[in-house]
Amino acid sequence: MPLKRLVRDGIGSLSRRGFVFRRDRSDSSASAVDAGFDPDGIYDGDDDGDQSSWASLPPELLRDVVERVEASECAWPARKHVVACAAVCRSWRYVCKEIVGMPEISAKLTFPVSLKQPGPRTGPIQCYIKRNKASSTYRLCLGLNTESGKFLLAARKIRRPTSSEYMISLDAEDISCNSTSYMGKLRSNFLGTKFAVYDSQPPYRGAVTSTGRSSRRFYSRKVSPKVPSGSYGIAHVSYELNMLGTRGPRRMRCTMHSIPSSSLEPNGFVPCNSDLPTSLEDSFSSISLTQSQPFDHIGRGLKSIDDSSRFSGSTRFTEVSVDVDGKEGPLILKNKAPRWHEQLQCWCLNFRGRVTVASVKNFQLIAASGETADGTGAGTSQAGSSDHDRIILQFGKIGKDLFTMDYRYPLSAFQAFGICLSSFDTKLACE
Amino acid sequence: MASTSNSTSSKIITLRSSDGEVFEVEESVALESNLIRRMMEDDCANNIIPLPNVTAPIFYLVIEHCKKHAEMKDNKEKKKELRSQGEELLKSDPHTYSNLMEAVNYLDIKSLMDLTAQWLADFLKGKSPRLIRELLKIKNDFTPEEEAEILERNRWAFD
């Protein structure tokens, strides 16, 4: 009997690998079918045998290969290798995105979508902004070396009769809201004291995907290049006149509508759109409000249905908000108050060497809720580095038309850039 | 077919590929495979061991690589030779290469898993998606809209 079978069964129980691999194989083909793809229709090669061998390569193997590609280079421009792998086919894209992960954990920016995902929890991502006064443009680049950093985002200021707008784009050559590279914008009021940051996409996916039909419509809009994107108000920045009139430091206050204040709590998170704007991976993953407790899910689910009905109504500007009534209000950031330095006779903030030129534009943002915790005045000097850890966004001048921008969780590069741009804008009332 | 010379007193293991071919392999070589090792530890290996996921040509290739890998230890020349053979196979017959990777994975041969994955990873670096598809004969299963979108977004990375 059964010896043969015994052996065979033996393989089964001894070697999970073999079975995992088989199951994965059928899974991947199943998802391809789910996604509505006709393999015969798209296939343009000439040998089905060759084709299937790579398509069915067990995900764990592909993952191993991509991990090697990914791990070899953590800096630009070599990170484009993994971007290239992600564009080979669906299964490769899925694996690449999974391995690359979110900047929140990896502290790396790889795909454009990472610009709208929260920065690292462990420490800031260091960037710099180059201003071109002649063309009213701003370039955000990654890195310390201000010569060769990876280009991230560009913005162009447009003066309107009653306000100014800063269009933000992935493409420095093509900055307009009709561009496929359009990411969002910053808009000021007449006085330049209040700003709103608009995202071209709804900031988190629950807001859209739960609607079924209307989300499909949204999806197809994104794909066709000519149609302008939506505008979702995700943040407000306000500058207040300070007690000393025009001479003293500004007071800033940022309300981040798409980030709950609870995101800064130990198990907090930012609901976010983990995929490319087109939600290319819809067929692979379910709605991505992961990490939350089941209870949260229900609450958010209901909330997102509300939101989505608003999104589907064709308002050009949609306010996105988290549940402000509960304890989950939006995250509010305020600038750290500078201290008057008697000897230097100026206002001082400790930028840890990242800012070298005094400017009214320089600022450090901390969570407003942390305000009471660090006390007033006396406590700040001894708090030292732990105090510095809580700075979520820091911006300051290092040269003529050159500025540093260091941001971290829970802000994204896009949000941080928007806030920094507001600091560039002339403030009639504050200066 | 691939019976090895049993010059030493090394035990011979008999294996059968999915297409029914029988291989006799020196124990030392066979034990590179953790799958076979586990089966032997559990005493399942007194008879012919079936390998339902591996065809004869691929298994032959695996054995060949295993032997070379055993020889190459501390030998830079051999290492280079093995690597260039691997790369050659990847270029000339990517289909077989992917089968080799799967077989090595199934047989759980750690050293070869590392090598084949690393060769492929190095091969991919610096190549465009289109070139990778072409060289490895991978089907482009994105819709034209998706591909346009990806290319558009990738410009950002390749700037």
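Numbering of residues starts from 1 in each chain and follows the order in which that chain's sequence is written. To label them, take the chains in the order written and letter them from A, then take the ligands in the order written and number them from 1. With the structure being a predicted model, the display of local features is reserved for residues of pLDDT at least 70 and the display and counting of side-chain atom pairs for 80 or more, all residues being used for whole-chain, interface and lining totals. Side-chain metrics in this entry use all non-hydrogen atoms of the structure; hydrogen atoms and water are not considered.

Draft legend 1. Geometry of the overall build of chain A. Looking only at helices and strands, one finds 13 helices and 15 strands in chain A. For every residue, the accessible area obtained with a 1.4 Å probe (protein chains only) is divided by the maximum for its type, and the residue is called buried under 20%, exposed over 50%, and partly exposed between those limits. Within chain A, the proportion of its 431 residues that are buried is 52%. It only takes one pair of heavy atoms within 4.5 Å for two residues to be counted as in contact. For chain A, the share of sequence-separated contacts (at least 6 apart) that also reach a separation of at least 24 residues comes to 62%. Split by element, the accessible area of chain A, about 20,100 Å² in all, is 54% carbon and sulfur. Only DSSP runs of H or I covering at least 4 residues are called helices, and only runs of E covering at least 2 are called strands; the numbering of each starts at the N terminus. In short, Shrake-Rupley with a 1.4 Å probe defines the accessible areas, and a residue's cover is counted only from the protein chains shown.

Draft legend 2. Fine view of the overall build of chain B. Of regular secondary structure, chain B possesses eight helices and three strands. Secondary structure elements of chain B occur, N-terminal to C-terminal, as β-β-α-α-β-α-α-α-α-α-α. Taking all 159 residues of chain B together, the buried fraction comes to 48%. The long-range share in chain B, meaning contacts at least 24 apart out of those at least 6 apart in sequence, stands at 54%. Of the roughly 7,600 Å² that chain B leaves accessible, carbon and sulfur atoms contribute 48%.

Draft legend 3. Structural context of the UniProt feature "domain: SKP1 component dimerisation" (unreviewed entry) in chain B. On the UniProt side, "domain: SKP1 component dimerisation" (unreviewed entry) is annotated at positions that read residues 110-157 of chain B here. Split by type, residues 110-157 of chain B is 77% helix and 0% strand. Its first and last C-alpha atoms lie 34 Å apart. UniProt positions are given in the numbering used here, feature names are shortened, and annotations may be inferred rather than shown by experiment.

Draft legend 4. Looking closely at the sheet that holds strand S3 (residues 49-51) of chain B. Residue and element names in this part refer to chain B. Paired strands, in this sense, are two strands between which DSSP finds at least two bridges. One open sheet holds the three strands; their spatial order is S2-S1-S3, and the pairing between them is mixed. Of all strands in the sheet, those bounded by a partner on one side alone are strand S2 (22-26) and S3. The sheet shows a mean angle of 35° between the axes of neighbouring strands, taken without regard to direction. Along the sheet, helix H3 (residues 56-72) makes contact with strand S1 (12-17), S2 and S3, crossing S2 at roughly 10°. Fitted lines through C-alpha atoms give the axes, limited to the stretch in contact for helices. The angle between two N-to-C directions lies from 0 to 180 degrees.

Draft legend 5. Looking closely at unusual backbone geometry. Residue and element names in this part refer to chain A. Looking along the chain, the bond that leaves Tyr-409 and enters Pro-410 is cis, with omega of 5°. Mapping Pro-410 onto the fold places it in the loop between strand S15 (402-407) and helix H13 (413-424). The phi dihedral of Ala-107 falls on the positive side, at around 60°, and the residue is not glycine. Within the secondary structure, Ala-107 sits in the loop between helix H8 (103-106) and strand S1 (125-132). Phi is positive for Ser-136, which is not a glycine, with a value near 55°.

Draft legend 6. Quick peek at the environment of Gln-364 of chain A. Residue and element names in this part refer to chain A. Here Gln-364 shows up in strand S13 (residues 363-367). Measuring from C-alpha to C-alpha, the distance between Gln-364 and Ala-78 comes to 32 Å, with 286 residues separating the pair along the chain. Only 2.9 Å separates the side chain of Gln-364 from the side chain of Gln-394, close enough to count as a polar contact. Definition of a polar contact: a pair of N or O atoms within 3.5 Å, with one able to donate and the other able to accept a hydrogen when the atoms are protein atoms, and with sequence-neighbouring residues admitted only if both atoms are side-chain atoms.

Draft legend 7. The pairing of S2 of chain B, seen in detail. Residue and element names in this part refer to chain B. Across five bridges, the pairing between S1 and S2 is antiparallel. Directly across from Leu-15, in S2, lies its bridge partner Phe-23. The loop that links S1 with its antiparallel partner S2 comprises four residues; one of these, Gly-20, has a positive phi angle of about 90°.

Draft legend 8. Seen up close, the packing of helix H6 (residues 110-124) of chain B against helix H7 (residues 129-136) of chain B. All names here are of chain B. At a minimum axis distance of 11 Å, the contact between H6 and H7 shows a crossing angle of 135°. Between H6 and H7, the angle falls in the class oblique. Across from Leu-120, Phe-123 and Leu-124 in H6, the residues of H7 making contact are Ile-132, Leu-135 and Leu-136. In this classification, the charged set is Asp, Glu, Lys and Arg, the nonpolar set is Ala, Val, Leu, Ile, Met, Phe, Trp, Tyr, Cys and Pro, and all remaining amino acids, among them Gly, are polar. Here the contact of H6 with H7 is built from residues that sort into six nonpolar, no polar and no charged. An angle counts as roughly parallel when it lies under 35 degrees, as roughly antiparallel when it exceeds 145, as roughly perpendicular when it falls between 65 and 115, and as oblique in every other case.

Draft legend 9. Quick peek at the confidence of the model for chain A. Residues and elements named next belong to chain A. Confidence in the prediction of chain A, expressed as mean pLDDT, is 68, and 60% of residues score 70 or more. One confidence number per residue, pLDDT, is output by the predictor and ranges from 0 to 100. Predicted confidence is poor over residues 1-50, with pLDDT under 50, and the contacts of this stretch with residues over four places away or in other chains come to 56 contacts. Confidence drops under a pLDDT of 50 for residues 371-388, and excluding neighbours within four residues, the segment shows 16 contacts in the predicted structure.

Draft legend 10. Summary view of the nonpolar core. Membership of the largest hydrophobic core comes to 124 residues, with the highest contact counts inside it found for Trp-92 and Met-405 of chain A. Considering every element that reaches this core, the biggest residue donor is H6 of chain B, with nine residues. Those residues within four positions of Trp-92 of chain A in sequence are excluded, and the remaining contacts are Trp-54, Leu-62, Cys-85 and Ala-86 of chain A together with Leu-124, Ile-132, Leu-136 and Ile-138 of chain B. Nonpolar cores were defined as sets of buried Ala, Val, Leu, Ile, Met, Phe, Trp, Tyr and Cys residues, with membership established by side-chain atoms within 4.5 Å.

Draft legend 11. Here's a closer look at the packing of aromatic side chains. All names here are of chain A. We call Phe, Tyr and Trp rings a pair once their centres come within 6.5 Å, taking the six-membered ring for Trp, and we label the pair stacked below 30 degrees between planes, edge-to-face above 60, and tilted otherwise. Scanning all chains against the criterion turns up eight aromatic pairs over all chains. Ring plane angle 55° and centroid distance 5.9 Å describe the contact between Tyr-138 and Tyr-166, whose orientation is recorded as tilted. Of this pair, Tyr-138 sits in strand S2 (residues 137-142) while Tyr-166 sits in strand S4 (residues 164-169), and the two are 28 residues apart along the sequence. Given the relative accessible area of 7%, Tyr-138 is considered buried. Judged by relative accessible area, Tyr-166 falls into the buried class, the value being 0%. Geometrically, the ring pair formed by Phe-395 and Phe-424 is edge-to-face, given 5.3 Å between the ring centres and 80° between the ring planes. Of this pair, Phe-395 sits in strand S14 (residues 393-399) while Phe-424 sits in helix H13, and the two are 29 residues apart along the sequence.

Draft legend 12. The arrangement of H6 of chain B in detail. All names here are of chain B. Here a helix's expected span is defined as the number of its residues, less one, multiplied by 1.5 Å. The end-to-end C-alpha separation of H6 is 21 Å, in line with the 21 Å expected for 15 residues at 1.5 Å each. With eleven of 15 residues buried, H6 lies mostly within the body of the structure. Ser-111, Leu-112, Met-113, Leu-115, Thr-116, Ala-117, Trp-119, Leu-120, Ala-121, Phe-123 and Leu-124 are the residues of H6 that are buried. Gly-126 occupies a position one or two residues after H6 and carries a positive phi of about 80°.

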